[in-house]
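The primary structure of each chain is shown beneath.
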Amino acid sequence: MERHIASIREQFPILKTQVNGKPLVYLDNAASTQKPTRVVNAIAQYYNTSHSNVHRGVHSLSQKATQLFEEAREAVRAHLNAASSDEIIFTKGCTDAINTVASGYERLLKKGDEVLISHLEHHSNIVPWQMACERSGASLKIIPMNHKGELEWSASLLSSRTKIVAVNHVSNALGTINPIQQIIADAHAVSAAVLIDGAQATPHFSVDVQTLDADFYTFSGHKVYGPTGIGVLYGKRSFLEMLPPYQGGGDMIKTVTFSKTTYAPIPFKFEAGTPNMAGAIGLHEALNFMSDIGLENIASYENQLLQYANEELSRIPGIRFIGTAENKASVLSFLVEGAHPYDVGVLLDQMGIAVRTGHHCTQPIMDYFEIPGTVRASFGMYNTMEEVDQLVRGVMRSASMLV
Amino acid sequence: MTIQEIQSEIEEEFGFFDDWMDKYEHLIGLGKDLPLIDPQFKTEEHIIKGCQSQVWLHAELEDGKLFYTADSDAIITKGVISLLIRSFNAQTPDAILEASTDFIDRIGLKDHLSPTRANGLVSMVKQMKFYALAFKAQKQNT
Ligand SMILES: Cc1ncc(COP(=O)(O)O)c(C=O)c1O
């Protein structure tokens, strides 16, 4: 893989950008990844040659657009190894996918029921469940974490009252890979459903929803080298059929009269309105791109980057890693003793280095560590060891100015 | 000196730096020298919450002129605060209400005063003017 990085980088024109007069070092991949030319071209090609509304017209162009859209669905199915493409719903993103499930559960939950989420969740996997609990009278329970940023999982957190467990596969703030296989097995033993937020897993390694036995699995297109505004909700057929629809509108109905509407079968029941065809087609191309590089290659290369960054940053006096789980993916959160993360971020930006600073939409994690935020470097397949060196030099330079 | 004169002076001062590091080192130095807010005012009431960093601001009127003190948890934010305070301090409410903060753009620190930075500074400028307005109203009522 290392031999191919130069040619991979060639496919991402934005990586040649200058920031503040310095070559861009893009280490904010957990927030969003950059797009290879072939993804941008696939979208342009779609609009230039195949665009029309889907599932509606008898005319050829509509058929063509529909076919491309449904091929994208099939590509996502294959990527996640879902049993059927009916189980793949296109959404606006990961947040939208989680809201689709949470708002359906809001109508299924009753007072006395419990929803279990974890201390490590992104706000996107907290707030929708809080809303569902508030409106249904169910209560929200939290899987605790330890000082390494690992979940303290125990099956005793579950009971017959637990209706659904929602946890992320990988934490966006700390990079922790959570023991979801175990959580899913334990939850199923008490007949609770499980939603896995895969926003930070899908960019880095392959996911097999059938092996995991997840009932719902969600992710965003823009974090897997695809376009913004598209995401995926995978749900097992029986769960999607049981779940009430999220939004009403065109495309999601079978028949409409003013007294009663019957809903279309899945996946269309959850895709009200004209879908994001261009987004789905761009996502299809992005998944092809990842497969061409090879998900195993991506995972092992990014692990090398992570390890190297960990070793090199450790040499900096006063550095403190937040999140030191045994099992991590592609994310390094840290603080420099005596320096506010915002200040470090501002100075790194002056050197052309893009990192994220702040609470990363995970305020409960920051509260646990009693910190205002962290500096987070997150790696993608196109990052290099030299860029890690630049980060290390940048952090040292910032520290010398600030502390 | 008028606010404008002070701001031109700051611009001139920053004009000496052509290297970003020197500029930021100067800014960090100014941040460290900021006239700090009295701990008794470092309360919820005086906090301006940004997503990235937060700011505390207090103002007092003396002989018809405003005096600000402030603090922030981030030192670069404090540096920018110190520039704003230096340009507004010992001025009348009317002068402050009319003043602009464009000098921040001209010394190349525009990004720090942008709403997308979420560092609390945009709200702080509003709050500084709000104090001026409040003192002006108070004066008119007495
Ligand atoms: C773990 C996790 N869940 C959910 C989301 C939300 O994704 P989006 O904003 O694309 O809907 C993110 C994105 O930051 C994330 O990292």
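Below, the discussion takes up the overall build of chain A. The helix and strand inventory of chain A stands at 13 helices and 17 strands. In summary, chain A has a C-alpha radius of gyration of 22 Å against a globular reference of 22 Å for 403 residues, a match within 12%. Looking at chain A as a whole, 59% of its 403 residues qualify as buried. In chain A, which carries 32 positive and 39 negative side-chain charges, the distance between the mean positions of the two groups comes to 5 Å.

Residue and element names in this part refer to chain B. Its 21 residues place the ends of helix α6 (residues 121-141) 30 Å apart at the C-alpha level, agreeing with the 30 Å of an ideal helix rising 1.5 Å per residue. Buried within α6 we find Leu121, Met124, Val125, Met128, Lys129, Tyr131, Ala132 and Phe135. Viewed along the axis of α6, the buried residues span an arc of 140°, placing them on a single side of the element. The exposed residues of α6 that point more than 90 degrees off its buried face are Lys126, Gln140 and Asn141. Of the surrounding secondary structure, the elements contacted by the buried residues of α6 are β1 (47-49), β2 (54-62), β3 (65-72), α3 (75-88) and α4 (93-98).

This part covers the site of the ligand. Residue and element names in this part refer to chain A. Around the ligand, the neighbouring residues are Cys94, Thr95, His122, Ser124, Asn172, Asp197, Ala199, Gln200, Ser220, His222 and Lys223. Cys94 places a main-chain nitrogen or oxygen 3.4 Å from an oxygen atom of the ligand. With the chains in place, 85% of the 390 Å² that the ligand exposes on its own is no longer accessible. Residues belonging to the shell around the ligand are distributed by class as follows: 2 nonpolar, 7 polar and 2 charged.

Right, let's get into the environment of Gly15 of chain B. On the secondary structure map, Gly15 of chain B appears in helix α1 (residues 3-15). Considered as a pair, Gly15 of chain B and Arg106 of chain B are 91 residues apart in the sequence and their alpha carbons are 9.5 Å apart.

By volume, the largest pocket is sized at about 460 Å³. Around the largest pocket, the lining comprises 19 residues; the ones closest to its centre are Asp28, Asp349, Ala354 and Val355 of chain A together with Arg117 of chain B. Within the residue set of the lining of the largest pocket, elements represented by two or more residues are α11 (341-350), β15 (353-354) and β16 (356-358) of chain A.

Residue and element names in this part refer to chain A. As paired strands, strand β5 (residues 114-118) and strand β6 (residues 139-143) are joined by 5 bridges and run parallel to one another. Residue pairing in the sheet places Ser118 in a bridge with Ile143 of β6. Regarding the hand of the β-α-β motif, the stretch spanning β5, helix α5 (residues 127-136) and β6 is right-handed.

All names here are of chain A. Looking at chain A, the domain boundaries give domain 1 (2-30 + 294-402) and domain 2 (40-291). The partner domain 2 presents 31 residues to the 35 residues of domain 1 that form the contact. Roughly 2,800 Å² of surface becomes buried between domain 1 and domain 2 when both sides are summed, with 60% attributable to carbon and sulfur atoms. Contact with domain 2 buries area across many residues of domain 1, yet Leu295, Ile365 and Tyr368 alone supply 21% of it, more than any other trio. A salt bridge links Lys148 to Glu326; the nearest nitrogen and oxygen atoms lie 2.8 Å apart. Summed over the shared surface of domain 1 and domain 2, the result is 22 residue pairs in polar contact (both at pLDDT 80 or more). Those elements giving two or more residues to the side of domain 1 that touches domain 2 turn out to be α10 (295-314), β14 (331-336) and α12 (363-369). Take the side of domain 1 that touches domain 2: its biggest share by element is 6 residues, from α12. Residues of the side of domain 1 that touches domain 2, tallied by class, amount to 18 nonpolar, 12 polar and 5 charged.

As a further point, take the packing of aromatic side chains. Under the counting rule described, the total for this entry stands at 14 aromatic pairs over all chains. Between Tyr225 of chain A and Phe289 of chain A, the aromatic rings sit 6.1 Å apart at their centres with planes inclined by 65°, giving edge-to-face as the arrangement. With Tyr225 of chain A in the loop between β9 (216-220) and β10 (231-235) and Phe289 of chain A in helix α9 (residues 277-293), this residue pair connects regions lying 64 residues apart in the sequence. The same class applies to Tyr225 of chain A and to Phe289 of chain A, which are both buried. On the numbers, 6.1 Å between centres and 65° between planes, the contact of Trp20 of chain B with Tyr24 of chain B is edge-to-face.

One finds Tyr68 and Leu83 of chain B to be the most contacted residues of the largest nonpolar core, which totals 142 residues. The leading source of residues in this core is α9 of chain A, at 9 residues. Shared between two domains, this core takes at least three residues from each, and those domains are domain 1 (2-30 + 294-402) and domain 2 (40-291) of chain A. Val115, Ile126, Ala132 and Ala166 of chain A belong to the second largest nonpolar core, which has 27 residues in total.

Criteria and cut-off values
Residues numbered from 1 in each chain as written. Chains lettered and ligands numbered in written order. Predicted model: local features only at pLDDT ≥ 70, side-chain atom pairs only at ≥ 80, totals over all residues. Heavy atoms only, no water. Helix = DSSP H or I, 4+ residues; strand = E, 2+ residues; numbered from the N terminus. Rg over C-alpha atoms; globule rule 2.2 N^0.38 Å. Buried < 20%, exposed > 50% of the residue type's maximum accessible area, 1.4 Å probe, protein only. Lys, Arg positive; Asp, Glu negative; His and termini not counted. Charge placed at Lys NZ, Arg CZ, Asp CG, Glu CD. Expected span 1.5 Å × (residues − 1). Arc of directions from axis to C-beta. Contact = heavy atoms within 4.5 Å. Near = heavy atom within 4 Å. Polar contact = N/O pair within 3.5 Å; in protein donor to acceptor, adjacent residues only side chain to side chain. Areas by Shrake-Rupley, 256 points an atom, 1.4 Å probe, with all protein chains shown as cover. Nonpolar A, V, L, I, M, F, W, Y, C, P; charged D, E, K, R; others polar. 1 Å grid on protein atoms, 1.4 Å probe; cavity = no way out; pocket = protein on both sides within 12 Å on 5 of 7 lines; lining within 4 Å. Points joined across faces, edges and corners; volume = space filled by probe spheres on them. Pairing = 2+ DSSP bridges. Right-handed = clockwise from strand over helix to strand, strands pointing away. Domains from an automatic or database assignment. Buried area = accessible area lost by both parts, 1.4 Å probe. Salt bridge = Lys/Arg side-chain N within 4 Å of Asp/Glu carboxyl O. Phe/Tyr/Trp six-rings, centres within 6.5 Å; stacked < 30°, edge-to-face > 60°. Core = buried A, V, L, I, M, F, W, Y, C linked by side-chain atoms within 4.5 Å.

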